[in-house]
Amino acid sequence: MINSNTLGVTSPPSTFFIEGMKCSKCLFKIENIQNEVKGIKKVQVDMSKSIAHVNYHYDNFDQNFLEQVSALGFQAKKIDEDKSGQLLKNENRKTLNRIGVAAACMGNIMLFSISNYAGAEGSYRFWFDWLSFLLFLPVLFYSARPFLQQGVSFLKTRTPNIDIPIALVIVLGTLLSTYHLLSNKGDIYFDSLAALVFLLLCSRYLLTRIQQTYLSTNFMLPFIEAKTVKYADPISKKIATKPIQQVVFGDHILIQAGEKFPIDGHLISSTAYVNMSILTGETIPEKVIQGQMIYAGTENLSDDVLVESIKTGDHTRVGQLIKQLDREIHSKTPLTSLADKAAQWFTLLIIGIGFLFFALYSQVNFDEAIRRSLALIILACPCALALAIPLTQSLSLMKAIKSGIIIKKAEALERITKITNIVFDKTGTLTNGQFEFIKWQMEPNKIDKSVLLELEKNSRHPIAKSLVQFLSHEQLPHTEVLQIKEIIGQGVSGVFNQHQYQVKALWQKNSNSPFTSIGLYRDGQLVASADLGDKIKKEAAPLIKQLQQLKYKIFLLSGDNQRVVEGIGKQLGIPAEQIFSELSPEEKQSFIKQKNHCLMIGDGANDSVAQASSFVSIAVQGSMEAALKASDIYFNKHDLNSLLRLITIADRSLKTVKRNLAFSAIYNITAGVLALLGYINPLVAAVLMPLSSLTVLTISLLGTTYIQFPLTNKLNNLLQKKDLIWKH
Amino acid sequence: MEALIFMVPIALALGFCFLGAFIWANNSGQFDDLVTPAHRMLNDDDLEKTNNNEREVNNESTTSI
């Protein structure tokens, strides 16, 4: 490969996060951009992180790249691959070098120690022992350094961690083996020590690599998208741009249609429709009048509007929410996972027993005391625990990722098995989170439909927009409607064919419908009415039924109004006493705090405070970055069925861990007792130890590889696929 | 058994040559991304470009049958 910098001055490479990249075909399409767009020199995709590195010839062609990517049907966002990414990369390479050195040395040591075990004598034995020693030195000083460093930091700070017994065994084993080597009697354990270091490094590397690959970049996307804002210059009255950080109190800021407000402020334009769902969870857009407050993070659904800046950054309402979130995350006491606890408790016990036995028995027979207690420590090394449980977890994480579930903390997987209550948010979780046409209550003829379309076409109201979107798919005759007038709060009226038409909202008393209805009147007579609202996701109802069969208690919490929430709850079969509406984020939080073992599935920043307080929290796709920050688990696919898969995986993972624990308990107790009685010498211990590790590893592999998901789930998927086929 | 005097150093030297090769490969970034190259291998667009003429000939021959 030719070095890109030898061809003169090039603009620095850019990194993009690319959404929607799934298969090899997508990869080729994206990398092929380098042949199609001028100015782009090389596109290199990293599929495991969903990012693309782009090199340019001379000038920066970010815009061209972005355009081409979106033309291909993907979404790209430029990200700053900061120094931490580079550091991680270097760290990974270093660990891999450590593993390589340990593996090479271990293999060669084994060659010599096998000859010695087989009975090499005299000068051969002498040289083989010394060669083992020399080969062990790189393992000790290079490969095992992370463990020894943990040991040193324990001596300094006195905070315990699971690496301490490992460090202790390495140090003790080395000292003893070296002593035996010099005094030319007794056993030498360089082979088992090297194997120990190698296996431990491998399992750690596997775990960290999986965590880094799937967790880092997806969360790098900034929270409020706009990095620069357009503002009206107070002197020249011209529109100019400046970075968001430089916005000060009183600036007049222009926000275009579809953009998110970057600041809290007063509206200067006469009206604006705002999607407030980030703060309220309510899908129906709110109308804001001149002088009223507009909050950062909400979305402008009307045309371009001007806003007078009042608060920016951390001081905005959303900023405060995020700050509170950070505190929540830090105040959460991290549950030390089952593996850590067991390994710590276990190793302290073993070391304690070893020393106690040595102290007592050394008065009887000093050499034998050393041999037996060392055999115990080698045999009962925590490697079975420290190796197999992280492996089970990482394999389960992998399995989850393949089903579109990203788990931020491995302990969340463990906590899922303890869940008894499941709390759903409504907007964007059980529903699609968008205003859509639902159904006609009274379907009009084609001409009336066309009139309706003409009337609503120019309206800026989001309900009108969703109706227009639906109607524009139908083939309708063209009608010319005259005298179209929009009266705020009244609806739209116009004249066609000498009839007076009017569209307005229908208010039905005592209606349980979760939808908003609008009606079309011809000369004061109702000729059409339609339901509009937020559609429930297809898989939601079967999912909730299955969860209820699995004996979970389902709750529905929402900030939306009672009528809408209860209507949806009813459709999904959630009992009325488990439905709570019109809750503020703080109320949601206090509700969840009262419940033990609560799983919260939500979306949007208004849930994130509540999510941070819950036992396990899940964010579904399309949710705010803030929600991802607070939640433990993220559903990458637009599919609530992931929840069932997640529960299955968590269950299997816990079972495998338990099986491992049971095996290692039996093994350690029997072998430990035998070692103390003198039936197992350190040599046999060094053979048994890797064998036990191998057994435990096999248990983990078998336990996590063949996870079957519930059959009903598969049927569901099939049905959905059929639906998709019909649609296309 | 004297053969060991040669065998052991040769075995060690060979072993460490491969270790050196591994470290070189690792430091030059060959193991940074293990997912994408597996997919990239399946792309035969570049084949099409170089073998375009041959392919056309092949297509003609199949259509004539």
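Residues numbered from 1 in each chain as written. Chains lettered and ligands numbered in written order. Predicted model: local features only at pLDDT ≥ 70, side-chain atom pairs only at ≥ 80, totals over all residues. Heavy atoms only, no water.

A. Representation of the overall build of chain A within the structure. For chain A, the count of helices and strands is 25 helices and 26 strands. Within chain A, buried positions represent 51% of all 728 residues. A total accessible area of about 35300 Å² is found for chain A, and carbon and sulfur atoms account for 58% of it. (Helix = DSSP H or I, 4+ residues; strand = E, 2+ residues; numbered from the N terminus. Buried < 20%, exposed > 50% of the residue type's maximum accessible area, 1.4 Å probe, protein only. Areas by Shrake-Rupley, 256 points an atom, 1.4 Å probe, with all protein chains shown as cover.)

B. Spotlight on the overall build of chain B. When helices and strands are tallied, chain B shows four helices and zero strands. When the 65 residues of chain B are sorted by exposure, 12% land in the buried category. About 5100 Å² of surface is accessible on chain B, with carbon and sulfur atoms providing 66% of the total.

C. Here's a closer look at the side chain of Ser-373 of chain A. Residues and elements named next belong to chain A. Tracing the chain through its elements places Ser-373 in helix H12 (residues 366-379). A polar contact is formed between the side chain of Ser-373 and the backbone oxygen of Ala-369, at a distance of 2.6 Å. Beyond its immediate stretch of four places on either side in the chain, Ser-373 contacts Gly-354, Phe-357 and Phe-358. (Polar contact = N/O pair within 3.5 Å; in protein donor to acceptor, adjacent residues only side chain to side chain. Contact = heavy atoms within 4.5 Å.)

D. Spatial organisation of the environment of Pro-138 of chain A. Along the chain, Pro-138 of chain A turns up in helix H5 (residues 122-143). Look past the residues within four positions of Pro-138 of chain A in its chain and what remains in contact with it is Val-101, Cys-105 and Ser-143 of chain A.

E. Representation of the packing of H5 of chain A against helix H1 (residues 3-27) of chain B within the structure. One way to put it is that H5 of chain A packs onto H1 of chain B with a least axis distance of 13 Å and a crossing angle of 15 degrees. In terms of axis orientation, H5 of chain A runs roughly parallel to H1 of chain B. Considering the relative orientation of H5 of chain A and H1 of chain B, their crossing is right-handed. Residue-level contacts link Tyr-124, Phe-128, Leu-131 and Leu-135 of chain A of H5 of chain A to Leu-4, Val-8, Leu-12 and Phe-16 of chain B of H1 of chain B. Residue classes in the contact of H5 of chain A with H1 of chain B are distributed as eight nonpolar, no polar and no charged. (Axes fitted to C-alpha atoms, helices over the stretch in contact; angles between N-to-C directions. Parallel < 35°, antiparallel > 145°, perpendicular 65-115°, else oblique. Left-handed = near helix turned anticlockwise from the far one by under 90°. Nonpolar A, V, L, I, M, F, W, Y, C, P; charged D, E, K, R; others polar.)

F. Quick peek at the sheet that holds strand S10 (residues 286-289) of chain A. Residue and element names in this part refer to chain A. Overall, antiparallel pairing links the three strands, which are arranged S10-S9-S12 in an open sheet. Both outer strands of the open sheet, S10 and strand S12 (299-300), are each paired with one neighbouring strand and no more. Here strand S9 (residues 271-275) runs beside S12; their pairing, made up of two bridges, is antiparallel. Looking at S12, one finds that Val-274 is bridged to Asn-300. (Pairing = 2+ DSSP bridges.)

G. Examining the sheet that holds strand S24 (residues 598-602) of chain A more closely. All names here are of chain A. Read across the open sheet, the seven strands follow the order S14-S26-S25-S24-S15-S22-S23; overall the sheet is mixed. This sheet does not close on itself; its edge strands, each paired only once, are strand S14 (405-407) and strand S23 (579-580). Taken together, the five bridges between strand S15 (residues 421-425) and strand S22 (residues 553-557) define a ladder with parallel strand orientation. Among the inter-strand pairings, Ile-422 is bridged to a residue of S22, identified as Ile-554.

H. Fine view of the nonpolar core. All names here are of chain A. With 57 residues, the main nonpolar core has Phe-112, Phe-136, Ile-170 and Leu-379 as its most contacted residues. If you tally residues by element for this core, the top one is helix H8 (residues 190-215), at 10 residues. Filtering out sequence-adjacent residues up to four positions away, Leu-379 remains in contact with Tyr-667, Asn-668, Ala-671, Gly-672, Ala-675, Ile-680, Ala-685, Leu-688 and Met-689. Residues Leu-572, Ile-574, Leu-599 and Ala-650 belong to the second largest nonpolar core, which totals 39 residues. (Core = buried A, V, L, I, M, F, W, Y, C linked by side-chain atoms within 4.5 Å.)

I. Representation of the confidence of the model for chain A in the model. Residue and element names in this part refer to chain A. Summarising the model, chain A shows a mean pLDDT of 76, and 78% of its residues fall at 70 or more. Between the elements of chain A, mean pLDDT differs from a low of 48, seen in helix H25 (residues 711-727), to a high of 91, seen in H5. Here residues 1-7 is modelled with pLDDT under 50, and outside its nearest four sequence neighbours on either side it reaches seven contacts, counting other chains as well. Across residues 722-728, confidence stays below pLDDT 50; counting only partners more than four residues off in sequence or on other chains, it has two contacts. (pLDDT = per-residue confidence, 0-100.)

J. Region of the structure containing the interface of chain A and chain B. Listed as interface residues are 26 residues of chain A and, on the opposing side, 24 residues of chain B. On the chain A side of the interface with chain B, the three residues burying the most area are Phe-28, Arg-93 and Tyr-124 of chain A, jointly 24% of the side's total. Taken together, the connections running from chain A to chain B amount to one salt bridge. Among the ionic pairs, Arg-93 of chain A bridges to Asp-32 of chain B, the shortest N-O distance being 2.5 Å. Among the secondary structure elements, those contributing two or more residues to the side of chain A that touches chain B are helix H1 (24-31), strand S2 (40-46), helix H4 (83-117) and H5 of chain A. Considering every element that reaches the side of chain A that touches chain B, the biggest residue donor is H4 of chain A, with 10 residues. Across the side of chain A that touches chain B, the residue classes break down as 14 nonpolar, seven polar and five charged. (Buried area = accessible area lost by both parts, 1.4 Å probe. Salt bridge = Lys/Arg side-chain N within 4 Å of Asp/Glu carboxyl O.)

K. Expanded view of the pattern of salt bridges. Residues and elements named next belong to chain A. Scanning the entire structure with this criterion turns up five salt bridges over all chains. Lys-449 serves as the salt-bridge partner of Glu-443, at 2.8 Å between the closest nitrogen and oxygen. Note on Lys-449: relative accessible area 4%, which makes it buried.

L. Seen up close, unusual backbone geometry. All names here are of chain A. Although it is not a glycine, Asn-497 adopts a positive phi angle of roughly 55 degrees. Looking at the secondary structure, you find Asn-497 in the loop between strand S18 (491-496) and strand S19 (499-506). Of note in the backbone geometry, Glu-582 takes a positive phi value of approximately 55 degrees without being a glycine. For Glu-582, the location among the structural elements is in the loop between S23 and helix H20 (585-594).

M. How the structure looks around the packing of aromatic side chains. Residues and elements named next belong to chain A. Following the criterion strictly, the structure yields 17 aromatic pairs over all chains and no others. Residues Phe-496 and Tyr-501 carry aromatic rings whose centres are separated by 6.4 Å and whose planes lie at 45 degrees to one another, so their mutual orientation is tilted. Since its relative accessible area comes to 2%, Tyr-501 is described here as buried. Each residue in the set Phe-126, Trp-127, Trp-130, Phe-133, Phe-136 and Phe-190 is aromatic and connected to the rest through ring pairs, giving one cluster. Across from the ring centre of Tyr-142, 5.3 Å away, lies the NZ or CZ of Arg-98, which sits over that ring. Positioned above the aromatic ring of Phe-615, the side-chain terminus of Arg-415 is 5.8 Å from the ring centre. (Phe/Tyr/Trp six-rings, centres within 6.5 Å; stacked < 30°, edge-to-face > 60°. Lys NZ or Arg CZ within 6 Å of the ring centre and 35° of its normal.)

N. Quick peek at helix H23 (residues 642-676) of chain A. Counted at 1.5 Å a residue, the expected span for H23 of chain A with its 35 residues is 51 Å, and the 50 Å between its end C-alpha atoms agrees. Backbone geometry just after H23 of chain A places Gly-678 of chain A at a positive phi near 90 degrees. (Expected span 1.5 Å × (residues − 1).)

O. A look at a nonpolar patch on the surface. All names here are of chain A. Taken together, Ile-669, Val-673, Leu-674, Leu-677 and Tyr-679 make up a surface patch of nonpolar side chains, about 540 Å² in accessible area. By secondary structure assignment, the location of Leu-677 is in the loop between H23 and helix H24 (682-705). Look at Leu-677 and you get exposed, because its relative accessible area is 52%. (Patch = residues over 30% accessible without salt bridge, like charges linked within 9 Å, V, L, I, M, F, W, Y side chains within 5 Å.)

P. Representation of the side chain of Asp-191 of chain A within the structure. Residue and element names in this part refer to chain A. Mapping Asp-191 onto the fold places it in helix H8. Nearest to the buried, unbridged Asp-191 among oppositely charged side chains is Arg-125, at 10 Å. Excluding its chain neighbours within four sequence positions, the residues that come into contact with Asp-191 are Ile-109, Met-110, Ser-113 and Tyr-117. (Lys, Arg positive; Asp, Glu negative; His and termini not counted.)

Q. View of the confidence of the model for chain B. Residues and elements named next belong to chain B. Per-residue confidence for chain B averages 74 on the pLDDT scale, and 65% of its residues sit at or above 70. H1 holds the highest mean pLDDT among the elements of chain B, 92, whereas helix H4 (residues 52-64) holds the lowest, 43. Taken as a whole, residues 50-65 scores under 50 in pLDDT and shows two contacts with residues more than four places along the chain or in a different chain. If you check the scores for this complex, the pTM reads 0.58 and the ipTM reads 0.73.

R. Broad picture of the pairing of S9 of chain A. Within S9 of chain A, five of the five residues are buried, which leaves the element mostly enclosed by the surrounding structure. Burial along S9 of chain A is two-sided: Thr-271, Tyr-273 and Asn-275 of chain A facing one way and Ala-272 and Val-274 of chain A facing the other are all buried.

S. Looking closely at the packing of H12 of chain A against H23 of chain A. Residue and element names in this part refer to chain A. Two elements in contact, H12 and H23, have axes separated by 8 Å at closest approach and are oriented at 165 degrees. By the angle class used here, H12 and H23 are roughly antiparallel. Of the two elements, H12 crosses H23, and the hand of that crossing is right-handed. On H23, the residues touching Arg-372, Ala-375, Leu-376 and Leu-379 of H12 are Tyr-667, Asn-668, Ala-671, Gly-672, Ala-675 and Leu-676. Looking at the contact of H12 with H23 residue by residue, the classes come out as seven nonpolar, two polar and one charged.

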